[in-house]
Amino acid sequence: MKLLQEPKGSRLWPFPNTAGKQEGCVSLSNFKGLFISKNQVWKEQLSNLLNDDQIELSTVSDWKRTFLEQQHYHYIFVDLETIDDPRKLQIPSTSVLIGLTSEHDFEIGRELLVAGAKDLILFPEEEHRLNHLIKELNNQFLFQKEAESGYGTGQVHAFYSAKGGSGKTLLASMVAQSLSIHHQLKVLVIDLNAQFGNIDVLFGSQPFRSYYDLIPVMEEMDIRHIQNIGQYIEDANLTLITGPTDPAKAEQIPDELISRLIRVAKSQYDFVILDLPSSINNLSFTGLNEATHVHYVLTPDSLGLRAYKYAAEMFERLQIGKNDNLSIIVNRVHSKLELTEKDISKILDKEVHGLIHSDFFSIQPTLNMGGAFFKKVKDKGSTKVAKDVKKYSDELMKRTMR
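The structure presented is a predicted model; accordingly, all values stated were derived computationally and were not measured.

*Asks:* I'd love a proper account of unusual backbone geometry, names of residues and values included.
*Replies:* Geometrically, the link from Phe-123 to Pro-124 is a cis peptide bond, its omega value of 5° lying close to zero. Inspection of the secondary structure puts Pro-124 in the loop between strand E5 (119–122) and helix H5 (127–148). The backbone of Gln-319 shows a phi angle near 60°, a positive value even though the residue is not glycine. Relative to the helices and strands, Gln-319 resides in the loop between helix H12 (302–318) and strand E12 (326–333). The exposure class assigned to Gln-319 is exposed, which follows from its relative accessible area of 51%. The phi dihedral of Arg-332 falls on the positive side, at around 65°, and the residue is not glycine. Positionally, Arg-332 belongs in strand E12.

*Asks:* I'd love a proper account of the pairing of E12, names of residues and values included.
*Replies:* Most of E12 sits inside the fold, with 7 of its 8 residues counted as buried. In this structure, strand E11 (residues 293–298) lies alongside E12, joined through 5 bridges in parallel fashion. Pairing of His-295 across the sheet is with Ser-327, part of E12. Note on the crossover from E11 through H12 to E12: the handedness is right-handed. When E12 meets strand E13 (residues 354–357), the two strands line up parallel, connected through 4 bridges. From the neighbouring strand, Val-333 faces E13, where its bridge partner is His-357. For the handedness criterion, the β-α-β arrangement of E12, helix H13 (residues 341–348) and E13 is classed as right-handed.

*Asks:* Go over the sheet that holds strand E3 (residues 75–79) with me, naming the residues and quoting the values.
*Replies:* Here we have 5 strands laid out as an open sheet, ordered E2-E1-E3-E4-E5, and parallel in their pairing. Edge positions in the sheet fall to strand E2 (55–60) and E5, since each has one partner strand and no second. Across the sheet, the mean angle from the axis of one strand to that of its neighbour is 25°, orientation sign disregarded. Note that strand E1 (residues 31–36) and E3 share 4 bridges and pair parallel. Among the inter-strand pairings, Phe-35 is bridged to a residue of E3, identified as Phe-77.

The rules behind each value
- Residues numbered from 1 in each chain as written.
- Predicted model: local features only at pLDDT ≥ 70, side-chain atom pairs only at ≥ 80, totals over all residues.
- Heavy atoms only, no water.
- Helix = DSSP H or I, 4+ residues; strand = E, 2+ residues; numbered from the N terminus.
- Buried < 20%, exposed > 50% of the residue type's maximum accessible area, 1.4 Å probe, protein only.
- Pairing = 2+ DSSP bridges.
- Right-handed = clockwise from strand over helix to strand, strands pointing away.
- Axes fitted to C-alpha atoms, helices over the stretch in contact; angles between N-to-C directions.

Interpretation in functional terms is not warranted from these geometric data alone.
Have a look at this one:
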């Protein structure tokens, strides 16, 4: 990567396509970045930091809107001491805005985030955080490039249970990881528990944005908007999108937003995994209606069976899970339980597609710490639950991909 300097006496910055005629200015980088700063030391530091991230960095001392008219940038880095009002930047949705500052200033930071910034970095103290952020975003840009090429089979799998505490959130996250790690598929997980969803805890992540932030761009939503609010989970090799976790905001989410989100996502990903709330509301109904396959998580007790009975009646009325597009997973199976798999199948008059054995104490450490249950293709899992999930995912692939 070559650090290009702003020429003296020039009104417009010569972007890489015009500067490429100069020896040493041509870069084979996959990404382009623009740094707006008067700080020469920072220009050198940022250039060195991004050297291994395949980013061709151009630098300017002052902001002009004509920069973006002549060149598309994946990244726009802004020195907050150079910009008087971050809201005047007007960065396109296809670029990622990242602010750099040497001091903690809540008001300036808030203005930058309102302007659409992905993050605000204390520089150079937080170089490691910036480096980690860039690696995640690079992966998202590569996913976007694949998506624009039409990659993805578009299956939407909803995990649902009418009984709370059935373990559907855990199973949804584990199946998503298995599909990504074991079957090398491109997976997106969407948490439709808008009010108090917590699937992000299972991945050890703290998302800063949610699908609530897509409301202003609902009409023109595309994969770039989805990637902008999604968080790439490197260990699990998948992307996660969560809800606002604010009851007031959750009530403001239009049904059409979720439909558009799912439809755009399923045209770009192999599998879209939906974690649905137990209550039937606008979000859960939309998720069930958009799903190509529903996974009902059942606990082997009278409460679980009764809840399924009510859910099955609703599915019948709403024509959900027809044509073998409904799978039943019995969770927390134990040898000392009164109900066996045969008993449950007989009571439900339905085939049971998956059995997940109870293994609370073995799986608890991973739950508490957050992280991937599977690390590599040949990883069968270290707990009974993980092994059962892998088996279920393998059989799911055979049933849905045939």
